[in-house]
Amino acid sequence: MPSILQCMNCARQYPVDSVIYECEACGGLLDVQHDMDWLRTVATRELFDSRMGTWQMPYKSGVWRYKELIAPYAADDEIISRPEGNTNLYDLPRLAKWAGVGRLYLKHEGENPTGSFKDRGMTGGVTQAKRLGMTRVACASTGNTSASLASYAAFGGLQGIVLMQNKQIAFGKLSQSIAYGAICVRIDADFDKNLELVREVSKKLGIYVLNSVNPFRLEGQKSIMFETIQQLRWQAPDWIVVPGGNLGNSSAFGKGLKELYTLGLIDRIPSIAVIQAEGANPLYNAYTRGFDRLEPMHADTLATAIKIGNPVNYPKAVRAVQWTEGVVEQVSDQEIMESKAIVDGIGIGCEPASAASLAGIRKLVNSGTIKPHESVVGVLTGHVLKDPDATIDYHADRLEHVRAVCPNVIRDAAPTLEALAEVLGARVTER
Ligand SMILES: *Cc1c(COP(=O)(O)O)cnc(C)c1O
Ligand SMILES: [Zn+2]
């Protein structure tokens, strides 16, 4: 059986090469569904281990190492890959102690080519655009999707188009979209409105939409779970903790973990904890009401990458939390920035949204949801250089609703040895 697109609500199926983002019958979200019986015969630990350290494209990519599970129908030379993935999984005993858990790993997706996990999805999405003969690809974005789309479109010889908010795009992300040559359109509206616009204009002009409503992006993002678990020598941790904005990543993680389990590549499914910012918490609110329904909201948080009030992948994220017996938690901007200072301060660094993972882990330990003996993987979603203003303003204690707890203040010194020595707290001694 070939791979197909399948509606998550009514199970209606479409050929994998349809240009379609939702079910024509019921409007439901689509999944790319692969032939699990065939996969059981080919997708083995041995196959994926044998590709570790290979020089061969596309298999040296941390996405396409798992090609059979991502896009088995794609020819190797159709794949647009930088390559991405192969990010570090940091084993951090000091942080484990701080958070109160037995074992804490941070999977740093900021180490991807454009500095966020979006590259793992984009290689899947742009590859599909190319296969479909598309010449233009577009997205609305809080920043990282634009940066990634701009890079992968240019790399694959396509025209990238990005719609962005006029406010609150982090500087690093904006500069990337411009640098990589995408058509950048600034629109005076929030992310949710821009997403609506990009879907409408793309339909009208025959442009391929690469927001995370695109199921081929989620296929690429599944590889974060595949790679993490391979790095743990195929032993599943107790928890996977991930920030939630548009909820593409949490949705992809749920699907990926379920597939690993179905194929016998892991013997139990870790629980997913989705962490939202208090000011952008529609999934959290729904969770506290037993997932009765999504209530869109006006989003506000310093963590701009998760500043989303009407997450398009809500139904898939609910499914992921339920499949994995997971939880949803919220954290304040204060907690996010304090956790960021800690991740930064151990020499690793991340952008604000990423630090929601660590803030969430600590909160879930304190509430007794994560037990002290359990093993936890937190996902850092973006690079520390993505949002330099947030870092600098925090340490200068210039953020509006956040207080710097232990800031690294820039010191001034006159251009003399004495002044410098005084600042550094040492007497100048003669030799
Ligand atoms: C996109 C993004 C998120 C949110 O991921 P979703 O899949 O939209 O939930 C979190 N952090 C960073 C750095 C991102 O770029
Ligand atoms: Zn349907």
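Everything that follows concerns the structure shown earlier in this document.
On a predicted model such as this, the values are computed, not experimentally measured, just so you know.

Here we take up the site of ligand 1. In the vicinity of ligand 1, 15 residues are found, and the nearest of them are Lys118, Asn144, Gly245, Leu247 and Thr381. Interatomic distance of 3.1 Å between a backbone N/O atom of glycine 248 and an oxygen atom of ligand 1. At 2.7 Å, a side-chain N or O of threonine 381 approaches a nitrogen atom of ligand 1. About the coverage of ligand 1: the protein hides 97% of its 390 Å² of free accessible area. A breakdown of the residues in the shell around ligand 1 according to their chemical character gives five nonpolar, eight polar and two charged.

In regular strands, side chains alternate between the two faces of the sheet. Counting buried positions along strand S13 (residues 375–380) yields six of six residues, so the element is predominantly enclosed. Sheet topology note: the strand S5 (residues 103–108)/S13 ladder contains six bridges and is parallel. Residue lysine 107 lies in a different strand from S13, and its bridge partner there is valine 379. Taken together, the three bridges between strand S10 (residues 239–243) and S13 define a ladder with parallel strand orientation. The residue of S13 that forms the bridge with tryptophan 239 is valine 376.

The next subject is the packing of helix H5 (residues 118–131) against helix H6 (residues 144–155). In contact at an axis separation of 9 Å, H5 and H6 are set at 45° when each is read in the N-to-C sense. In terms of orientation, H5 lies oblique with respect to H6. Where H5 crosses over H6, the handedness of that crossing is right-handed. Here Lys118, Asp119, Met122, Thr123 and Val126 of H5 lie close against H6, whose contacting residues are Asn144, Thr145, Ser148, Leu149, Tyr152 and Ala153. Here the contact of H5 with H6 is built from residues that sort into five nonpolar, four polar and two charged.

Further remarks concern the environment of threonine 135. Relative to the elements of secondary structure, threonine 135 occurs in the loop between H5 and strand S6 (136–141). Judged by relative accessible area, which is 54%, threonine 135 ranks as exposed. Along the sequence, threonine 135 and glutamine 159 sit 24 residues apart, while their C-alpha atoms lie 6.3 Å from each other.

Ordered by their spatial adjacency, three strands build an open sheet running S2-S1-S3, and the pairing between neighbours is antiparallel. The open sheet is flanked by strand S2 (13–15) and strand S3 (30–33), the only strands paired with a single partner. Averaged over all pairs of adjacent strands, the angle between their axes in this sheet comes to 30°, without regard to strand direction.

So, on to helix H16 (residues 388–395). Buried within H16 are the following residues: Ala390, Thr391, Tyr394 and His395. Down the axis of H16, the buried set is contained in an arc of 115°. They therefore lie on one face. Residue aspartate 397 follows H16 closely and has a positive phi angle near 55°.

The rules we used
Residues numbered from 1 in each chain as written. Chains lettered and ligands numbered in written order. Predicted model: local features only at pLDDT ≥ 70, side-chain atom pairs only at ≥ 80, totals over all residues. Heavy atoms only, no water. Near = heavy atom within 4 Å. Polar contact = N/O pair within 3.5 Å; in protein donor to acceptor, adjacent residues only side chain to side chain. Areas by Shrake-Rupley, 256 points an atom, 1.4 Å probe, with all protein chains shown as cover. Nonpolar A, V, L, I, M, F, W, Y, C, P; charged D, E, K, R; others polar. Buried < 20%, exposed > 50% of the residue type's maximum accessible area, 1.4 Å probe, protein only. Helix = DSSP H or I, 4+ residues; strand = E, 2+ residues; numbered from the N terminus. Pairing = 2+ DSSP bridges. Axes fitted to C-alpha atoms, helices over the stretch in contact; angles between N-to-C directions. Parallel < 35°, antiparallel > 145°, perpendicular 65-115°, else oblique. Left-handed = near helix turned anticlockwise from the far one by under 90°. Contact = heavy atoms within 4.5 Å. Arc of directions from axis to C-beta.

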